[in-house]
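The chain contents come next:
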Amino acid sequence: MDFKGTTVIAIKKNGKTVVAADGQVTFGHTVLKSNAIKIRKLLNGRILAGFAGSTSDAITLFEKFEEKIKAKGDGLIDIKRAAVDLAKDWRSDKILHKLEAMMLVADSNNILLISGTGDVVEPEEDVISIGSGGNYAYSAALAYMENKKLSAFEVARRSLKIAARVCIYTNSNIVLEEIENE
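As the structure is a prediction and not an experimental result, all values here were calculated from the model.

**A look at the confidence of the model for the chain**
Caution is warranted with low-pLDDT regions, since their predicted coordinates should not be read in detail.
Phase 1: On average, residues of the chain score 90 in pLDDT, and 94% of them are at 70 or above.
Phase 2: Element-level mean pLDDT values for the chain span from 85 in strand 3 (residues 25-27) up to 98 in helix 4 (residues 152-166).

Below is the structure:
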């Protein structure tokens, strides 16, 4: 799936996890909004989630993901298990299967990509990105990760700025959320 209209990136570096996204919403070749917020804090800020694709579909997926985490009931958060459970439902459920979005989720220890095709991907390099400018942001982030002086926040911000310069569906109105790693 390749979604036009956004770039979202998740980065883990130096004890911090960041999820960041641009603010552009497009409909066809028209920019409808430049300051959309595509990142959510879940479970009182312990989990960050970002989306590319349909907004209403993404909101549904955020809710379903949060339900999967809370379903365990013992107070422990296992985003990997919740991501796999959501991906299974998303792929097999008649209604969820029609949702057009992708998600990045992160807690203090993990960053994951979840797709409607059943994929749950944990990146090898502590960087992952989705959306139309995802490959640009991902490439920039890999290069910036080598700079020991840059924080996760700064790597994400700079990577999205590069994506905004080359992807017509990405802008430089960037929203970043950060959590401390345990």
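**Brief notes about the sheet that holds strand 1 (residues 7-13)**
Working definition: the strands of a sheet are paired by backbone hydrogen bonds and lie parallel or antiparallel to each other.
Phase 1: Across the sheet, which stays open at both edges, the four strands sit in the order 10-1-2-11 with antiparallel pairing between neighbours. On the outer flanks of this sheet lie strand 10 (127-131) and strand 11 (175-180), each paired with one strand and no other. Pairs of neighbouring strands in the sheet enclose a mean axial angle of 10 degrees, with direction left out of account.
Phase 2: Examined bridge by bridge, strand 1 and strand 10 share five bridges and lie antiparallel to one another. Bridged to Val8 within strand 10 is Ile130.
Phase 3: The sheet strands contacting helix 3 (residues 134-145) are strand 1 and strand 10, and the helix crosses strand 1 at an angle near 20 degrees.
Phase 4: Of the strands in this sheet, strand 1, strand 2 (16-21) and strand 11 touch helix 4, which is tilted by about 155 degrees from strand 1.

**Notes on unusual backbone geometry**
Phase 1: Its identity is not glycine, yet Asn14 carries a phi of approximately 50 degrees, on the positive side.
Phase 2: Counting through the fold element by element, Asn14 comes out in the loop between strand 1 and strand 2.
Phase 3: Although it is not a glycine, Asp126 sits at a positive phi angle of roughly 60 degrees.
Phase 4: Structurally, Asp126 can be placed in the loop between strand 9 (120-121) and strand 10.

**Let's talk about the packing of aromatic side chains**
Phase 1: The final tally for this structure, using the stated rule, is one aromatic pair.
Phase 2: Centre to centre, the rings of Phe51 and Phe62 are 5.8 Å apart; their planes meet at 75 degrees, and the pair counts as edge-to-face. Taken together, the positions of Phe51 in strand 6 (residues 47-53) and Phe62 in helix 1 (residues 55-71) put the pair 11 residues apart, joining distant regions of the chain. Across the pair, Phe62 and Phe51 agree in class, each one buried.

**Some details on the UniProt feature "binding site: Na(+)" (unreviewed entry) in the chain**
Phase 1: Within the UniProt annotation, "binding site: Na(+)" (unreviewed entry) is assigned to Ala164, Cys167 and Thr170.
Phase 2: Mapped onto the fold, Ala164 is located in helix 4.
Phase 3: Once you skip the residues sitting within four places of it in the chain, Ala164 turns out to touch Thr170, Asn171 and Ser172.
Phase 4: Checked against the element boundaries, Cys167 lands in the loop between helix 4 and strand 11.
Phase 5: What makes Cys167 buried here is its relative accessible area of 7%.
Phase 6: Excluding residues that lie within four positions of it along the chain, Cys167 makes contacts with Ser132, Gly133 and Tyr136.

**Some remarks on the UniProt feature "active site" (unreviewed entry) in the chain**
Phase 1: The positions that UniProt labels "active site" (unreviewed entry) are, in the present scheme, Thr6.
Phase 2: With respect to the helices and strands, Thr6 occurs in the segment before strand 1.
Phase 3: Judged by its relative accessible area of 4%, Thr6 is buried.
Phase 4: If we ignore the near neighbours within four places in the chain, the residues touching Thr6 are Asp22, Lys38, Phe51, Ala52, Gly53, Ile130, Gly131, Ser132, Gly133, Tyr169 and Thr170.

Criteria and cut-off values
- Residues numbered from 1 in each chain as written.
- Predicted model: local features only at pLDDT ≥ 70, side-chain atom pairs only at ≥ 80, totals over all residues.
- Heavy atoms only, no water.
- pLDDT = per-residue confidence, 0-100.
- Helix = DSSP H or I, 4+ residues; strand = E, 2+ residues; numbered from the N terminus.
- Pairing = 2+ DSSP bridges.
- Axes fitted to C-alpha atoms, helices over the stretch in contact; angles between N-to-C directions.
- Contact = heavy atoms within 4.5 Å.
- Phe/Tyr/Trp six-rings, centres within 6.5 Å; stacked < 30°, edge-to-face > 60°.
- Buried < 20%, exposed > 50% of the residue type's maximum accessible area, 1.4 Å probe, protein only.
- UniProt positions renumbered as here; feature names shortened; annotations may be inferred.

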